[in-house]
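Residue-level structural notes
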Amino acid sequence: MSSKYLVTGGAGYVGSVVAQHLLEAGHTVTVLDNLATGFRAAVPAGAEFIEGDIRDAAKWLDGSYDAVLHFAAFSQVGESVVKPEKYWDNNVGGTMELLAAMRTAGVRRLVFSSTAATYGEPVNTPITETDPTAPTSPYGASKLAVDHMISGEATAHGLAAVSLRYFNVAGAYGSCGERHDPESHLIPLVLQVAQGRREAISVFGDDYPTPDGTCIRDYIHVADLAEAHLLALDAATAGEHLICNLGNGNGFSVREVIETVRKVTGHPVPEVMAPRRGGDPAVLVASAKAATERLGWHPRRADLAGIVADAWQFAQQLAAAQQERTKES
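The following refers to the structure shown. (Residues numbered from 1 in each chain as written. Predicted model: local features only at pLDDT ≥ 70, side-chain atom pairs only at ≥ 80, totals over all residues. Heavy atoms only, no water.)

We now examine the pattern of salt bridges. Tallying each qualifying case throughout the model produces 15 salt bridges. Glu 79 is the partner of Lys 86 in a salt bridge, and the nearest nitrogen-oxygen pair spans 2.9 Å. Taking the relative accessible area as the measure of exposure, Lys 86 reaches 27% and is therefore partly exposed. Its salt-bridge partner being Asp 280, residue Arg 277 comes within 2.9 Å of it at the nearest N-O pair. Since its relative accessible area comes to 45%, Arg 277 is described here as partly exposed. Given a relative accessible area of 21%, Asp 280 falls into the partly exposed group. Through salt bridges with shared partners, a single network forms among Asp 224, Glu 227, Arg 300 and Arg 301. (Salt bridge = Lys/Arg side-chain N within 4 Å of Asp/Glu carboxyl O. Buried < 20%, exposed > 50% of the residue type's maximum accessible area, 1.4 Å probe, protein only.)

Here you go:
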């Protein structure tokens, strides 16, 4: 059965891939994005596009929509430390306006793009949804505040809501992939070295209590992530706010990622050692048991080489497109 969905932040990395999956499933999709960090070219063909802010969602949201999938947030951890007001204003204030618009329009289903940053320094590994939340950045704190806001909305006003807490999202799907500016994620940064756009990749600490001394992270393919959002729409229950971690349950070290990029691309990737960064846990790995039990979700693309290969193909496509634009100009 076809439904109509509003995807906020659908010109961004994850939002665009989810929008594409919704279209492929036969649904009607409207993308709302102010293009502050998103790209018009990332909006999938077949989706209606509205350039606008989530604070103004009431202008377009009405009872014809079956649900909202909310990705419109600033997500740079480092920036949030020096500009916390930007994150409180957009991520928290903007979401409050969005929830009000949904309430007025009678749209009573929401899937929210949350984050593992809500947990902060992990108490247990793998991390479960019942573990303490103690974010170490304004970004993580803003997402946790929204989770609390959604819980209140579900209890008071019957919202059916699911928050999905991502770990490290990577890979690409079709014409949708990572193109952050500035880039802060490990896999695209290492791929930039392979492309010759960076001289070397910095390894921040090699004395952690892990097999090779470098940090271990849980990587999830963006297409697996998108599938979880579609399942979450079906699992959302009136008056309940369900929170699920999304990850593979397995981790890869920084050095394993670098070596995988070398093998996939066939290019050398020079490393330079750098001091540890404050607040970097040795291991961040998710337990996705709740997503399996409540959503029926299983990651199907857990191979690191496959994730890197998809990301590499997208990075090469972007580079080729940039070369063409340079020639034309």
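With that settled, the discussion passes to the sheet that holds strand β4 (residues 67–70). Remark on secondary structure: sheet strands pair via backbone hydrogen bonds, oriented parallel or antiparallel. Judged by pairing direction, the sheet is parallel, and its seven strands sit side by side in the order β3-β2-β1-β4-β5-β6-β11 without closing on themselves. Looking at strand neighbours, the two that pair on one side only are β3 (48–51) and β11 (241–246), the edges of this open sheet. Taken over all neighbouring pairs, the strand axes of this sheet differ in orientation by 20° on average, direction set aside. Relative to strand β5 (residues 109–115), β4 runs parallel, the two sharing three bridges. By the bridge assignment for β5, Leu 69 is matched with Val 111. Taken strand by strand, helix α1 (residues 13–24) contacts β1 (4–8), β2 (28–33), β4 and β6 (160–166), and its axis lies near 165° from that of β2. Contacts from helix α3 (residues 84–105) reach β1, β4 and β5, with the element oriented near 170° to β4. (Pairing = 2+ DSSP bridges. Helix = DSSP H or I, 4+ residues; strand = E, 2+ residues; numbered from the N terminus. Axes fitted to C-alpha atoms, helices over the stretch in contact; angles between N-to-C directions. Contact = heavy atoms within 4.5 Å.)

Before going further, it helps to spend a moment on the nonpolar core. Ranked by internal contacts, the top residues of the largest apolar core, which has 42 residues, are Val 14, Leu 69, Leu 164, Leu 246 and Leu 295. Elements that contribute at least two residues to this core include exactly β1, α1, β2, β4, β6, α6 (222–235), β11 and α8 (289–295). Excluding residues that lie within four positions of it along the chain, Leu 295 makes contacts with Leu 164, Ala 228, Leu 231, Ala 232, Ala 235, Leu 242, Cys 244 and Ala 290. Of all hydrophobic cores here, the second largest spans 25 residues; its members include Val 193, Val 257, Ala 282 and Leu 304. (Core = buried A, V, L, I, M, F, W, Y, C linked by side-chain atoms within 4.5 Å.)

Let us now look at helix α5 (residues 186–194). Judged by how many residues are buried, α5 sits mostly within the fold: nine of nine residues are covered. Where α5 is concerned, the buried positions are Leu 186, Ile 187, Pro 188, Leu 189, Val 190, Leu 191, Gln 192, Val 193 and Ala 194. Buried residues along α5 sit in contact with β7 (168–170), β8 (201–204), β10 (219–221), α7 (254–265) and α9 (304–328).

The next subject is the packing of aromatic side chains. Counting across every chain of the model gives two aromatic pairs. Relative to Tyr 139, the ring of Tyr 87 has its centre 6.5 Å away and its plane inclined at 80°; by these criteria the two rings are edge-to-face. Linking Tyr 87 in helix α3 with Tyr 139 in helix α4 (residues 138–157), this pair joins segments that are 52 residues apart in sequence. You can call Tyr 139 buried: its relative accessible area is 10%. Aromatic ring contacts, followed pair by pair, group Phe 74, Tyr 87 and Tyr 139 into a single cluster. Above the plane of the ring of Phe 74 lies Lys 86, whose end atom (NZ or CZ) is 4.4 Å from the centre. Between Arg 165 and the ring centre of Tyr 119, over which it is positioned, the NZ or CZ distance is 5.1 Å. (Phe/Tyr/Trp six-rings, centres within 6.5 Å; stacked < 30°, edge-to-face > 60°. Lys NZ or Arg CZ within 6 Å of the ring centre and 35° of its normal.)

Glancing now at the environment of Asp 207. On the secondary structure map, Asp 207 appears in the loop between β8 and β9 (216–217). Taking the C-alpha atoms as reference points, Asp 207 and Lys 59, separated by 148 residues in sequence, lie 53 Å from one another. Asp 207 has contacts with Gly 213 and Arg 276, leaving out every residue within four places of it along the chain. Here the side chain of Asp 207 touches Arg 276 through a polar contact of 2.9 Å, side chain to side chain. (Polar contact = N/O pair within 3.5 Å; in protein donor to acceptor, adjacent residues only side chain to side chain.)

With that settled, consider the environment of Glu 48. Locating Glu 48 in the fold gives a position in strand β3. By relative accessible area, which is 45% here, Glu 48 ends up partly exposed. Sequence-wise, Glu 48 and Thr 28 are 20 residues apart; in three dimensions their C-alpha atoms are separated by 8.4 Å. Beyond its immediate stretch of four places on either side in the chain, Glu 48 contacts Val 29, Thr 30 and Val 31.

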